[in-house]
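Understanding the architecture of this molecule
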Amino acid sequence: MTDELKKQIDCKQGQEGFIKVTDKPVSALSAQQRVVLNRKANVLFNEGKIDMAERIFITTGYSDGLTRVGDYYAEKKEYIKALKMYLLAHNKRKSDPLLEKFASLVSIMLKSED
């Protein structure tokens, strides 16, 4: 790794480390603000305040948080809500199987109409 590349990585890493985020979090937030909000959302999630945590994770674009909210919804069998969270998190490993299930269900429904 060149010294210049290492400097660029160190500069971008800052205090938050490498945290996966979605493509377009609210750009008005600084990295430090996102870290504080994500920590608050993690506390809310752990307290069972899923709706509040979800809103913050969407605002910050924190993909790990969005995936955990999606997992929560999937566990509750709220698959459409889960899919939304997985898509916002760009988590294809979780969203693709749900999309396949939905496609299969639609296919079965269309065949039964014939």
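Our structure is the block above this text.
These remarks concern the structure in this document. The shown structure was predicted, so the numbers you read here are calculated from the model rather than taken from an experiment.

Let's shift gears to unusual backbone geometry. Its identity is not glycine, yet lysine 77 carries a phi of approximately 65°, on the positive side. Secondary-structure assignment places lysine 77 in the loop between α4 (63-75) and α5 (79-88). The exposed category is assigned to lysine 77, whose relative accessible area is 61%. Of note in the backbone geometry, histidine 90 takes a positive phi value of approximately 55° without being a glycine. Tracing the backbone through its elements, the reader meets histidine 90 in the loop between α5 and α6 (92-113).

Moving on: the packing of helix α3 (residues 50-60) against α4. For any two helices packed against each other, the geometry is given by the interaxial angle and the distance between the axes. Two elements in contact, α3 and α4, have axes whose closest approach is 9 Å; the angle formed by their N-to-C orientations is 145°. In this structure, α3 meets α4 at a crossing whose hand is left-handed. Within the contact between the two elements, α3 uses Ile50, Asp51, Glu54, Phe57 and Ile58 and α4 uses Gly65, Leu66, Arg68, Val69, Tyr72 and Tyr73. When its residues are assigned to classes, the contact of α3 with α4 shows 7 nonpolar, 1 polar and 3 charged.

About the criteria used
- Residues numbered from 1 in each chain as written.
- Predicted model: local features only at pLDDT ≥ 70, side-chain atom pairs only at ≥ 80, totals over all residues.
- Heavy atoms only, no water.
- Helix = DSSP H or I, 4+ residues; strand = E, 2+ residues; numbered from the N terminus.
- Buried < 20%, exposed > 50% of the residue type's maximum accessible area, 1.4 Å probe, protein only.
- Axes fitted to C-alpha atoms, helices over the stretch in contact; angles between N-to-C directions.
- Left-handed = near helix turned anticlockwise from the far one by under 90°.
- Contact = heavy atoms within 4.5 Å.
- Nonpolar A, V, L, I, M, F, W, Y, C, P; charged D, E, K, R; others polar.

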